[in-house]
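# A closer look at the structure
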Amino acid sequence: MVDRVSRLACVRVEAFVAAALERCEPGLREHPLAVVTGAPPATRVVEANTRARAEGVRAGLTDAEAVVRCPTLVRRPASAEAEAAARHALLEACLSVSPRIEDAGPGLVHVDLDGLGQLFRDDAEIGRRLRRQAKAVGLEARVGIAGSRAAAGVAARVGPPVHTLAPGTEGAALAAVPLATLEWPAALPATFVRWGLATLGDLAALPRHGVGARLGRAGLVAHDLATGVDRTPFRTWTPPPFWEEAQGLDWEILTVPALVPVLERVLGRLCTRLVAAHLLIDVLQVRLALVSGGHHARSVALAAPLGEAAPIVALLALEIEAHPPPAAVTGVALSARVIPRRAAPGGLWHPPVPAPRDLATVLTRLTLLVGSANVGTPVVVDSHRPDDYTLGPFDGADLVPDAAAGADGDSAGERAARGSAGPIALRRLRPPRPVEVETRDGRPTRVRDTSGLDVVVETCAGPWRLSGHWWDTHAWAHDEWDVALSDHTIWRLSHDRLTDTWFLTALYD
Amino acid sequence: MTELVGPLSSGRTSVLTLCLRAVTRRGAFAALVDVDHAFDPGSAAAAGVELSRVLWVRGEGRRHDALKAVDLLARCPGFALVALDVGESPPRVPLDAAFRLRQAARRSGVALLVIGARRVVGGAAALSVQTRRDRLAWVGPGPMPRRLAGMRTGLHVVRKQGAPWPVAETECLWWTA
């Protein structure tokens, strides 16, 4: 028996399959809803929401039977994507309250409350917080809090929406719960009736090994539930590296303008989750399910990480317009690669920084104008090779003024004291310009090329010998010279020792 | 809007690097629209520029796209400096476009710096500075120096808004190699 934690919460969403669809289409909450599966005439109800259950709609009914019981019944096909997205959303909502949670199944999460007492006043406040977080991601949850997962699970099924069982009272509270209010495997309810059991207390009073001998594993699980004992380890759930949200459609979408509202809804849900987790989208992948059975996938790398849906939807629409799907769309799935949101700048004396929304818009337009490969932040590569650099993303999350700004060890004042404003800047020629060079005693004396350049080297300094990657096929070896030419320019001249060719690589300016 | 013009090896890129350094070292952000893809991150980093605070837009020789990029950046409040390096073949900038650019920068609170071989924005620039190389220093014995030691650049104000013409203001900067 594992009982390492003192207080546990069980977060439970009733009729989870229906709740997942209601999360995708909030308007369905106002109607009796049945989730159906199977092709007509074998269509059967899988699950029904509260309104539909009040009208007598139950799982297992045929489509026709359900409509007869509830003429206003709205039917939707089961969506595995929506269910998976809702399951992840519930887990992430709970993760925002406690770092230790367990995925106990669809719509069921166990939360370890150990240590949360310093953040919250009491267990009831934690329960209300869990409910609020679940509601923020579009799910109505009930919360039970007790000393074990089993007891908390029972508490989440009966009583008020936030049902707290005080320490030491779990046994008495569970004993009064009628067996009929809980869900059991198919054969058990009849057996309980035959044995004359009415409450969990009656079941808990039976010897465990005897129940197990007669009812097998299902009986043992039922007995543990009745006694409120956990016999399995707490398997901590960690969030997946990719954040996903999806929605299946029971209609076909042919045009991008018609697809945009669906993208807005799906992305809105994803952004809500990311905001709760203090994350921003860096790369977004959209996967469109097609009526032909295939998929159409596109990826959008954002020039600046964003957490707002509106500008990303515009980018997605542009991307899909540029690369339209080959067939009608029947489902949308979004997957985001995320980065942590940084603290916002707020110092009164800090210099202003671009607003993330303005910056994202400008970067997007710049990307469209000059291409994504030509916009970014220069990053010098740690290498001996001259002009070795990459272009990294201009990270909007980094838009925080540096508190140590101005604390420059080699300050302008010190440079001024030395009489120098700084080093001479270089202007690179990309690619390097090949030239013919005359030499005397190994030193360049004249430079000419095919475009008409023909100048005398007035002064030169060097060579500086550089080489690298001699251990593989990308070996390079240069001799570099600084040369002042007769046209009053100063160049960095490079002699490739492997090919015996000369290049002008940079200009001192 | 400031314009910085001068021939090759006169020190105008070093002045640009000095501006980028001043802006990024105080925690602000700068953007550089580089028409000829000539910016050298290595020498800029050596000069003290915080490269992570520089947005580099490479025009790959497309001068009109570079002007559009500057127009976009000038309308984005939050950048302390937007620099346009038009290189050796500056584009023709219509005067009305130059004044619109100046107005956009003024509304956004962005300092615009245009550097090139010759003046391109004319009267729209509040300050025009010409760079000239005054001196070049080598170190080493005899006629064969061992290394380039430094360079001195003279900055001559050729136009200053509100000042009578000709403007006689000169300053010198010494750069080390």
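This section reports on the structure supplied with the text. Each chain carries its own residue numbering, running from 1 in the written order of its sequence. Key to labels: chains lettered from A, ligands numbered from 1, both in the order written. Only residues with pLDDT of at least 70 get local features here, since the model is predicted, and only at 80 or more are side-chain atom pairs given and counted; chain-wide, interface and lining totals rely on the full set of residues.

### Points about the pairing of strand 2 (residues 33–37) of chain A
All names here are of chain A. Rules: Any residue with 12 or fewer other C-beta atoms within 10 Å of its own C-beta is exposed, any with 20 or more is buried, and the rest are partly exposed; the C-beta atoms used are placed from the backbone. The way it works is that DSSP assigns letters per residue, a run of H or I at least four long becomes a helix, a run of E at least two long becomes a strand, and they are numbered from the N terminus. Only strands joined by at least two bridges in the DSSP assignment are considered to pair.
Counting buried positions along strand 2 gives 4 out of 5 residues, so the element sits mostly inside the fold. Relative to strand 4 (residues 74–77), strand 2 runs parallel, the two sharing 4 bridges. Bridge assignment links Ala34 to a residue of strand 4, and that residue is Arg75. For strand 2 and strand 3 (residues 44–48), the ladder comprises 4 bridges, and the chain directions are antiparallel. In the sheet register, Val36 faces strand 3, and the bridge partner there is Val45. Here strand 2 folds back onto strand 3, and the loop between the two strands holds 6 residues, one of which, Gly38, carries a positive phi near 90 degrees.

### Regarding the nonpolar core
The tendency in soluble globular proteins is for nonpolar side chains to be buried as a group. Rules: Buried Ala, Val, Leu, Ile, Met, Phe, Trp, Tyr and Cys residues whose C-beta atoms connect them within 7 Å together make up a nonpolar core. Contacts here follow a simple rule: the backbone-placed C-beta atoms of the two residues must lie within 7 Å.
If you look at the biggest cluster of nonpolar residues, it comprises 185 residues, and the most contacted ones within it are A:Ala9, A:Val11, A:Leu90, B:Ala30 and B:Ala83. What A:Ala9 contacts, discounting residues up to four positions off in sequence, is A:Val111, A:Leu113, A:Ile126, A:Gly127, A:Leu130, A:Val143, A:Gly144, A:Ile145 and A:Ala152.

### Let's talk about the sheet that holds strand 5 (residues 101–105) of chain A
All names here are of chain A. Where we set the bar: With axes taken as lines fitted to C-alpha atoms, and helix axes fitted only over the stretch in contact, angles between N-to-C directions fall between 0 and 180 degrees.
Across the sheet, which stays open at both edges, the 5 strands sit in the order 5-6-1-7-8 with mixed pairing between neighbours. The two strands at the open ends of the sheet, each matched to only one other strand, are strand 5 and strand 8 (162–164). Strand-to-strand twist of the sheet, defined as the mean angle between neighbouring strand axes without regard to direction, takes the value 20 degrees. When strand 1 (residues 8–12) meets strand 6 (residues 108–112), the two strands line up antiparallel, connected through 5 bridges.

### Focus on helix 4 (residues 95–108) of chain B
All names here are of chain B. So the rule is basically this: Expected helix span is computed as 1.5 Å times (number of residues minus one). Taken from the helix axis, the directions to the C-beta atoms give the arc we talk about.
A rise of 1.5 Å per residue sets the reference length of helix 4, with its 14 residues, at 20 Å; its end C-alpha atoms lie 20 Å apart and thus fit the reference within 8%. For helix 4, the set of buried residues is Ala98, Leu101 and Ala105. Seen end-on, helix 4 carries its buried residues on one side only, within an arc spanning 60 degrees. The outward face of helix 4, more than 90 degrees from its buried face, is lined by the exposed residues Asp96 and Arg107. Of the surrounding secondary structure, the elements contacted by the buried residues of helix 4 are helix 3 (63–74) and strand 5 (111–116). Positioned one or two residues after helix 4, Gly109 has a phi angle of 75 degrees, which is positive.

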